[in-house]
Amino acid sequence: MERILIVELGKHIGEMVSISGWVDVRRDQGKMVFFDFRDRTGLVQGVVLSGSVAMEIAKEIRNEYVVRIEGIVNKRPEKNVQTDRQNGDIELEIKGIEILNPSEAMPFDISGDTSGIDESVRAEYRYLDLRSKRMQKNMRVRSEFVRHCREYLFSKQFIEIETPLLTESTPEGSRDFVVPSRLQPGKFYALPQSPQQYKQLLMTAGFERYFQVARAVRDEDLRADRGFEHTQLDLEMSFVTKEDVMATVENMITTVVEAMGYTIKQKPFPRISYKDAMTKYGADKFDLRTEEDKKNGILAYAWVVDFPFFKKTDEGDWTFTHNPFSMPIPEHFDWLLKREHIGDILTTQYDLVCNGYESGGGSIRAHKPEILEAVYRVMGFDIEGLEERIGHILKAFRYGTPPHGGIALGIERNIMNLTGETMLREVQAFPMTRGGQTAVMKAPKLLTEKQLKELGLKIDKKWKQ
Ligand code: ASP
């Protein structure tokens, strides 16, 4: 018999059907055994009546067994109808049960919210944690958000292009994760902190509108809203102004979250300068929601603009605040080229803030070699330094690179806002623990002597335990 999804059962009243899924709950009442079965579409109650041939096997089954059930979809008598539950008006009268795979007892309770369970236990059994209702919902909201964004961008003639994972370090302001090369022992690739340079090169390549759901890897201190790995909805557009990119993103976000049933506090999104935000909120990310808004799951977006381009390092040198590939605002263009009033130069950077998080950031880029060169000169690079660091992109800019700009939205931070979660790892399928341990698998780990030899690596004996 063909499998029917649990959500469809209501259409099959009086019929013999087959469902497949997990045993969510089992209640043995002696003469009768009740079950809740679960598949990806929801829950239904089933009952094995006394005298049924399925009784023997029903007694054997435990929670989280994977089963195939055959039974008749019955309407429940009026007094047993549970209007607050999915399929609360029907019940499956079980005629046959096949155990597709048994299950050991769960290492922790997955029937409720698992956020209070020890982090390392959840990580070890993440595939079970993900069965819980909240985690299923978070993953589905994430998928929906990305799907809607993709659809929006395709409808605006963007094309999706993947950029390399093994690459050269890009200066996003964090430490790189590096990968040793076997073919060139002693040399290393870096995992991308973002596709920044490649997406700009795609503008040189004439694609005009690019996006990617890109993995970004940064070796930074782990915090509630930060992990080693995150995903960005990364996009770039040619022949645009700051207003064009901001309007595209604002329209996309509005279309996407409203299609998903959310309410936005203020449209168009309010704008505030970095300076005013610091005076008013003491930070460049802030929460514009009232207590009432918070209860109702309202999304309060705002743009922050006019950030300083440069700041001083602890050593007293200049470095960029957000993105070295940005263009200054037009009024400060000359200052940059002449290297005057460095601390006062404002960048075209725009950050999207939502409910207290920075949910995205981007800028109009330098698209001429002399502009990017001027930025790196301010930061103390000489000719050789420039060549070594950004020679490839300066070269590309000499071959007709159009004016362009873009943004990257942090998928996790956006999903945290949509789901009300406060931890990044609650919206990632297989996140690391706070100590940087991978979920389920045991990385980081030692390499074998053979691997080390192949890679030309020697581990200091103080690290070998
Ligand atoms: N590459 C930047 C980042 O990852 C975002 C952008 O400017 O597009 O922060």
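Placed above this text is the structure.
The structure displayed is predicted, hence computed values, not measured ones.

Draft legend 1. Main features of the overall build of the chain. For the chain, the helix and strand inventory stands at 13 helices and 17 strands. Viewed in the frame of its principal axes, the chain has a C-alpha envelope of about 90 × 60 × 40 Å. Classification of the 465 residues of the chain by burial places 46% in the buried group. Only carbon and sulfur atoms are counted for the fraction: they give 51% of the accessible area of the chain, which is about 24,200 Å².

Draft legend 2. Inspection of the pattern of salt bridges at higher detail. Going through the model one piece at a time under the given rule, you end up with 38 salt bridges. Between Arg38 and Asp24 there is a salt bridge; the shortest N-O distance is 2.6 Å. Here the residue Arg38 occupies a position in strand β2 (residues 33-39), and Asp24 occupies one in strand β1 (residues 16-28), the gap between them amounting to 14 residues. Note on Arg38: relative accessible area 13%, which makes it buried.

Draft legend 3. Spatial organisation of the pairing of strand β15 (residues 350-354). Burial analysis of β15 places five of its five residues in the buried class, which makes it a mostly covered element. Taking every second residue as pointing to the same face, both faces of β15 are buried, with Tyr350, Leu352 and Cys354 on one and Asp351 and Val353 on the other. The pairing of strand β12 (residues 301-305) with β15 spans five bridges and is antiparallel. Pairing of Ala302 across the sheet is with Val353, part of β15. Bridge count for β15 against strand β16 (residues 357-364) is five bridges, and the pairing is antiparallel. For Tyr350, the partnering residue across the bridge sits in β16 and is Gly362.

Draft legend 4. Focus on the nonpolar core. Ranked by size, the top nonpolar core spans 61 residues in total, and within it Phe145, Ile253, Val257, Tyr301, Phe310, Leu372 and Leu418 carry the most contacts. The dominant element in this core, judged by the number of residues it contributes, is helix α6 (residues 242-259), at seven residues. Once residues within four sequence positions are removed from consideration, Phe310 is found in contact with Trp318, Thr319, Phe320, Thr321, Leu336, Ile342, Ile345, Val375, Val378 and Met379. Ranked by size, the runner-up nonpolar core spans 23 residues in total, among them Val17, Ile19, Phe37 and Ile69.

Draft legend 5. Just the sheet that holds β16, in detail. With mixed pairing, eight strands are arranged side by side in an open sheet as β6-β9-β10-β17-β16-β15-β12-β11. In this open sheet, the two edge strands, each paired with only one partner strand, are β6 (159-160) and β11 (271-273). Of the strand pairs in this sheet, β6 and strand β9 (residues 209-217) are connected by two bridges, and their pairing is parallel. Across the sheet, Ile159 pairs through a bridge with Tyr210, a residue of β9. Contacts from helix α5 (residues 196-204) reach β9, β10 (229-238) and β17 (404-410) within the one sheet, and its direction differs from that of β10 by about 20 degrees. Contacts from helix α7 (residues 274-281) reach β11 and β12 within the one sheet, and its direction differs from that of β11 by about 90 degrees.

Draft legend 6. Here's a closer look at the site of the ligand. For the ligand, the set of nearby residues contains 12 residues, the closest of which are Gln196, Lys199, Arg218, Gln232 and Arg365. A distance of 2.7 Å separates an oxygen atom of the ligand from a polar side-chain atom of Lys199. The contact in question runs from an oxygen atom of the ligand to an N or O atom on the side chain of Arg218, over 2.9 Å. Protein chains bury 87% of the 270 Å² of accessible surface belonging to the ligand in isolation. Considered class by class, the residues forming the shell around the ligand number two nonpolar, six polar and four charged.

Draft legend 7. Layout of the sheet that holds strand β5 (residues 90-101). Pairing in this closed barrel of five strands is mixed, and the strands run β1-β2-β3-β5-β4 around the ring. When strand polarity is set aside, the average angle formed by the axes of neighbouring strands in this sheet is 55 degrees. Bridge analysis of β1 against β2 gives six bridges, and the strand direction is antiparallel. Each bridged residue has a counterpart across the sheet, and for Asp28 the counterpart in β2 is Val33.

Draft legend 8. Broad picture of the packing of aromatic side chains. Enumeration according to the criterion identifies 10 aromatic pairs in this entry. Taking 5.3 Å as the distance between ring centres and 20 degrees as the angle between the ring planes, the aromatic pair formed by Phe35 and Phe37 counts as stacked. Residue classification places Phe35 among the buried positions, given a relative accessible area of 0%. Taking the centre distance of 5.3 Å and the plane angle of 40 degrees together, the rings of Tyr274 and Phe307 count as tilted. Highlighted residues: Tyr274 in helix α7 and Phe307 in the loop between β12 and β13 (310-312), separated in sequence by 33 residues. Using a relative accessible area of 1% as the deciding quantity, one classes Phe307 as buried.

Draft legend 9. View of the pairing of β10. A large share of β10 lies buried, amounting to nine of its 10 residues. Relative to β17, β10 runs antiparallel, the two being bridged by seven bridges. Considered in β17, the bridge of Ser238 is made with His404.

Draft legend 10. Expanded view of the packing of helix α4 (residues 133-155) against α6. Where α4 meets α6, the closest approach of the two axes is 9 Å, and the angle between their N-to-C directions is 135 degrees. With respect to each other, α4 and α6 are oriented oblique. The crossing of α4 and α6 is right-handed. For the pair formed by α4 and α6, the contact residues are Phe145, His148, Cys149, Tyr152 and Leu153 on the first element and Thr248, Asn251, Met252, Ile253, Thr255, Val256, Val257 and Ala259 on the second. Split into classes, the residues belonging to the contact of α4 with α6 amount to nine nonpolar, four polar and no charged.

The rules behind the values
- Residues numbered from 1 in each chain as written.
- Predicted model: local features only at pLDDT ≥ 70, side-chain atom pairs only at ≥ 80, totals over all residues.
- Heavy atoms only, no water.
- Helix = DSSP H or I, 4+ residues; strand = E, 2+ residues; numbered from the N terminus.
- Buried < 20%, exposed > 50% of the residue type's maximum accessible area, 1.4 Å probe, protein only.
- Areas by Shrake-Rupley, 256 points an atom, 1.4 Å probe, with all protein chains shown as cover.
- Salt bridge = Lys/Arg side-chain N within 4 Å of Asp/Glu carboxyl O.
- Pairing = 2+ DSSP bridges.
- Core = buried A, V, L, I, M, F, W, Y, C linked by side-chain atoms within 4.5 Å.
- Contact = heavy atoms within 4.5 Å.
- Axes fitted to C-alpha atoms, helices over the stretch in contact; angles between N-to-C directions.
- Near = heavy atom within 4 Å.
- Polar contact = N/O pair within 3.5 Å; in protein donor to acceptor, adjacent residues only side chain to side chain.
- Nonpolar A, V, L, I, M, F, W, Y, C, P; charged D, E, K, R; others polar.
- Phe/Tyr/Trp six-rings, centres within 6.5 Å; stacked < 30°, edge-to-face > 60°.
- Parallel < 35°, antiparallel > 145°, perpendicular 65-115°, else oblique.
- Left-handed = near helix turned anticlockwise from the far one by under 90°.

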